[in-house]
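Examination of the molecular architecture
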Amino acid sequence: MAELIKHHLLTEEYQTGEILAHGLGPDAMVPDYTYLKSDITRAYSRKVKSVKPSFCFLNLGDTSVPAALIVYDKVVSSKCKLWTIPTRAFLM
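The rules behind each value
Residues numbered from 1 in each chain as written. Predicted model: local features only at pLDDT ≥ 70, side-chain atom pairs only at ≥ 80, totals over all residues. Heavy atoms only, no water. Pairing = 2+ DSSP bridges. Helix = DSSP H or I, 4+ residues; strand = E, 2+ residues; numbered from the N terminus. Axes fitted to C-alpha atoms, helices over the stretch in contact; angles between N-to-C directions. Buried < 20%, exposed > 50% of the residue type's maximum accessible area, 1.4 Å probe, protein only. Contact = heavy atoms within 4.5 Å.

This brings us to the sheet that holds strand 3 (residues 48-59). Reading across the sheet, the four strands line up as 1-2-3-4 and stay open at both edges, with antiparallel pairing between neighbours. The two strands at the open ends of the sheet, each matched to only one other strand, are strand 1 (18-25) and strand 4 (67-77). Averaged over neighbouring strand pairs, the angle between their axes works out to 5 degrees when direction is ignored. Judged from the five bridges that link them, strand 2 (residues 33-39) and strand 3 form a sheet pairing that is antiparallel. Residue Leu36 lies in a different strand from strand 3, and its bridge partner there is Phe55.

Now the structure itself:
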């Protein structure tokens, strides 16, 4: 049964992403950074052309601020979209 489930989950229908880049270092046991970039476009509808999230975890080694996580999501729409961020001047 487990082999059947494993085989089913490995079919293309369930393959919704791939790792584009990764890294850590310089020490693999206690890295100063960990980086991952993926392409998960297939997990979304045709409304998006591309979805490529990335993250970088930084071990800052500071007791007051021990770490930082930087997240970058690059999403390209299939149709031209205009995003407006209302500011105080915009609302007046």
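Past the structure itself, the notes keep going.
A few words now on the environment of Glu18. As for its position among the elements, Glu18 is in strand 1. For Glu18, a relative accessible area of 43% translates into the label partly exposed. The spacing of Glu18 and Ile40 is 22 residues in sequence and 6.7 Å in space, taken between C-alpha atoms. With residues near it in sequence (within four places) discarded, Glu18 still touches Lys37, Ser38, Asp39 and Arg42.

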